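Summary of structural features
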Amino acid sequence: MKKKIVLLGSGELGKEFVIAAQRIGQTVIAVDSYENAPAMQVAHGFEVINMLDGAALDAVIAKHQPDFIVPEIEAIRTERFYDYEAQGITVVPSAKAANFTMNRKAIRDLAAKDLGLRTANYRYATSATELEQAVAEVGLPCVVKPLMSSSGKGQSTIKSAEDIAKAWAYAVEGSRGDVVEVIVEAFVNFHSEITLLTVTQNNNPTLFCAPIGHRQERGDYQESWQPARVSDRDLAEAQDMARKVTEALGGAGLFGVEFFLTDEGVYFSELSPRPHDTGMVTLAGTQNFNEFELHLRAVLSLPIFEITQEKAGASAVLLASANSENPTYTGMANVAGLPKTDFRIFGKPTSRPYRRMGVVLTHDVLATPIEQLVERAQETAQMITVNP
């Protein structure tokens, strides 16, 4: 059952997916806009193109004739996916899902309008003037995000009218792709955020991982932990929402579905049709399969009987503090000597301030207070330095 996979986007999540694929004998061609991207370092072959260039994308697909196309990022000419599907290539999880979720507008309207899920009050804006109007309608404070972006890029909170122009400029700067439009969301008074990793299968039931808690700064995750404390009622509501939205999108694979937990109940926030950065905590061995193995097995239609929670775990990111063309690392030996601890260095060829360069992982028995594991991960992450 050897299949060929073209991976579109070759960051750290893609790298772990390629490793999972290599372990069961699949062939992967890693594609990104720059050479020596993390996933390229472990793939069978690679291509360097601008994935927003439809002709360049067509050429790569024609050259490699893959069985599967697995997107890892947003900045892709996803409209081409419908053609690839018509040619008999499987787009993961589906051409519809990839198109809807690469753009926050499509997925939010599907969730709120078509499926009736509870979401923050929201508006769209395509100019600073429209943003001003949208802010007036949803109220202050509010959150502004580009329709196409990732890792928190271009995302900011507007607390007063003076912030509007700056928020628009920042959103335009952080937007990926060729869509310059933002979503403006009323601030949700939440007490926690969770990611519910949801696995859809072609011939088997949808499965859920234990909820993952996370903390964000600058719109990007800093620590994640599993299992997160969630009431039975909230978990059931989140699973129901995740099942509805993934069924509507179709296809097989792992989805990262994000929710806000509030005193009024669960709010749908966002969805990624692929392994989620907060899900890197599963690399700590918290489950019988990590999120990358689950994604691969679902993609290949290998039946997943169950997902079991084996340990409690936490992850904390390693961030660069400066620009470098050849980053190096110190402190790894100190971390390697600690019990129930691991780390990953992603192998990114360059660094810039706040770029995610690695992750520290901690784990212990399920009865361990999760706060202890998060604190340990935070402290351990401070022991490794990214040097310019």
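Residues numbered from 1 in each chain as written. Predicted model: local features only at pLDDT ≥ 70, side-chain atom pairs only at ≥ 80, totals over all residues. Heavy atoms only, no water.

1. With respect to the overall build of the protein
Within the protein, the secondary structure is distributed over 11 helices and 20 strands. A compact globule built from 388 residues would reach a C-alpha radius of gyration of about 21 Å, and the protein, at 20 Å, matches this within 12%. For the protein, the C-alpha atoms occupy an extent of roughly 55 × 50 × 45 Å along the three principal directions. Across the 388 residues of the protein, 57% fall into the buried class. Counting only contacts in the protein whose residues sit at least 6 apart along the sequence, the fraction spanning at least 24 positions is 62%. Of the roughly 15,700 Å² that the protein leaves accessible, carbon and sulfur atoms contribute 49%. Taken together, the 36 basic and 48 acidic charged side chains of the protein have centroids lying 3 Å from each other. (Helix = DSSP H or I, 4+ residues; strand = E, 2+ residues; numbered from the N terminus. Rg over C-alpha atoms; globule rule 2.2 N^0.38 Å. Buried < 20%, exposed > 50% of the residue type's maximum accessible area, 1.4 Å probe, protein only. Contact = heavy atoms within 4.5 Å. Areas by Shrake-Rupley, 256 points an atom, 1.4 Å probe, with all protein chains shown as cover. Lys, Arg positive; Asp, Glu negative; His and termini not counted. Charge placed at Lys NZ, Arg CZ, Asp CG, Glu CD.)

2. Description of the domain arrangement of the protein
By the assigned domains, the protein splits into domain 1 (4–91), domain 2 (121–186) and domain 3 (192–387). Placing a centre on the C-alpha atoms of domain 1 and another on those of domain 3 gives a separation of 22 Å. With 22 residues of domain 1 at the contact, the number on the domain 3 side is 21 residues. Between domain 1 and domain 3 lies a buried interface of about 1,700 Å² when both sides are counted; carbon and sulfur atoms form 65% of it. In terms of surface lost to domain 3, no three residues of domain 1 exceed Glu12, Leu13 and Glu16, which account for 35% of the buried area on that side. In this structure, the connection of domain 1 to domain 3 is made through 4 salt bridges. With its nearest N and O atoms 3.5 Å apart, the salt bridge here joins Glu16 to Arg344. Our enumeration of links across domain 1 and domain 3 arrives at 6 residue pairs in polar contact (both at pLDDT 80 or more). Of all the secondary-structure elements, those providing two or more residues to the side of domain 1 that touches domain 3 are α1 (12–23) and β4 (68–71). (Domains from an automatic or database assignment. Buried area = accessible area lost by both parts, 1.4 Å probe. Salt bridge = Lys/Arg side-chain N within 4 Å of Asp/Glu carboxyl O. Polar contact = N/O pair within 3.5 Å; in protein donor to acceptor, adjacent residues only side chain to side chain.)

3. Side note on unusual backbone geometry
Look at the link from Val92 to Pro93: it is a cis peptide, with omega at -10°. That bond from Leu140 to Pro141 is cis: its omega, -10°, falls within 30 degrees of zero. Among the secondary structure elements, Pro141 is positioned in the loop between α6 (128–138) and β7 (142–146). Unusually for a residue other than glycine, Ser301 sits at a positive phi of about 60°.

4. Focus: the sheet that holds strand β8 (residues 156–158)
Overall, antiparallel pairing links the 4 strands, which are arranged β6-β9-β7-β8 in an open sheet. Looking at which strands have only one partner, the edges of the open sheet turn out to be β6 (122–125) and β8. Sheet twist, expressed as the average angle between the axes of neighbouring strands with direction ignored, equals 30°. Where β6 meets strand β9 (residues 182–186), 4 bridges bridge the pair, whose relative direction is antiparallel. Paired with Tyr122 across the bridge in β9 is Glu185. Together, β6, β7 and β9 form the strand contacts of helix α5 (residues 104–114), whose direction differs from that of β6 by roughly 155°. (Pairing = 2+ DSSP bridges. Axes fitted to C-alpha atoms, helices over the stretch in contact; angles between N-to-C directions.)

5. Concerning the packing of aromatic side chains
Enumeration over the complete set of coordinates arrives at 4 aromatic pairs. On the numbers, 5.6 Å between centres and 70° between planes, the contact of Tyr122 with Tyr124 is edge-to-face. Taking 6.3 Å as the distance between ring centres and 80° as the angle between the ring planes, the aromatic pair formed by Phe259 and Phe268 counts as edge-to-face. When its relative accessible area of 1% is taken as the criterion, Phe259 is described as buried. We classify Phe268 as buried; its relative accessible area is 1%. Across from the ring centre of Tyr122, 5.1 Å away, lies the NZ or CZ of Arg108, which sits over that ring. The side chain of Arg218 reaches across the aromatic face of Tyr354, ending 3.8 Å from its centre. (Phe/Tyr/Trp six-rings, centres within 6.5 Å; stacked < 30°, edge-to-face > 60°. Lys NZ or Arg CZ within 6 Å of the ring centre and 35° of its normal.)

6. Thoughts on the nonpolar core
Side chains of a nonpolar character, in soluble globular proteins, are inclined to be buried together. By size, the foremost hydrophobic cluster in this structure holds 35 residues, and its most contacted members are Phe259, Phe268 and Leu271. When sequence neighbours within four positions are dropped, the list of residues in contact with Phe268 reads Ile107, Arg108, Ala111, Leu117, Arg118, Thr119, Met241, Val245, Val257, Glu258 and Phe259. (Core = buried A, V, L, I, M, F, W, Y, C linked by side-chain atoms within 4.5 Å.)

7. As for the environment of Pro93
Note that Pro93 resides in the loop between β5 (90–91) and α4 (95–101). As for Pro93 and Val299, which are separated by 206 residues in sequence, their C-alpha atoms are 7.3 Å apart. Excluding residues within four positions of it along the chain, Pro93 makes contact with Gly250, Gly251, Ala252, Phe255 and Pro273.

8. Brief notes about the sheet that holds β4
In spatial order, the strands read β3-β2-β1-β4-β5; together these 5 strands make up an open sheet with parallel pairing. Taken across any chain shown, the strands that pair with only one partner, and hence form the sheet edges, are β3 (45–48) and β5. In this structure, strand β1 (residues 4–8) lies alongside strand β2 (residues 27–32), joined through 5 bridges in parallel fashion. Opposite Leu7, over in β2, you have Ala30 as the bridge partner. Docked against the sheet, helix α2 (residues 54–64) engages β1, β2, β3 and β4, running at close to 165° with respect to β1.

9. Describing the UniProt feature "binding site: N(1)-(5-phospho-beta-D-ribosyl)glycinamide" (unreviewed entry) in the protein
When the UniProt feature table is mapped to this numbering, "binding site: N(1)-(5-phospho-beta-D-ribosyl)glycinamide" (unreviewed entry) covers Glu12, Leu13, Glu72, Asp277, Lys348, Arg355 and Arg356. In this structure, Lys348 sits in the loop between β18 (341–345) and β19 (356–364). Ignoring any residue separated from it by four or fewer positions in sequence, one finds Lys348 in contact with Glu12, Pro38, Pro327, Arg355, Arg356 and Met357. Polar contacts involving the side chain of Lys348 include one to the side chain of Glu12, which spans 2.9 Å. With respect to the secondary-structure elements, Arg356 resides in strand β19. (UniProt positions renumbered as here; feature names shortened; annotations may be inferred.)

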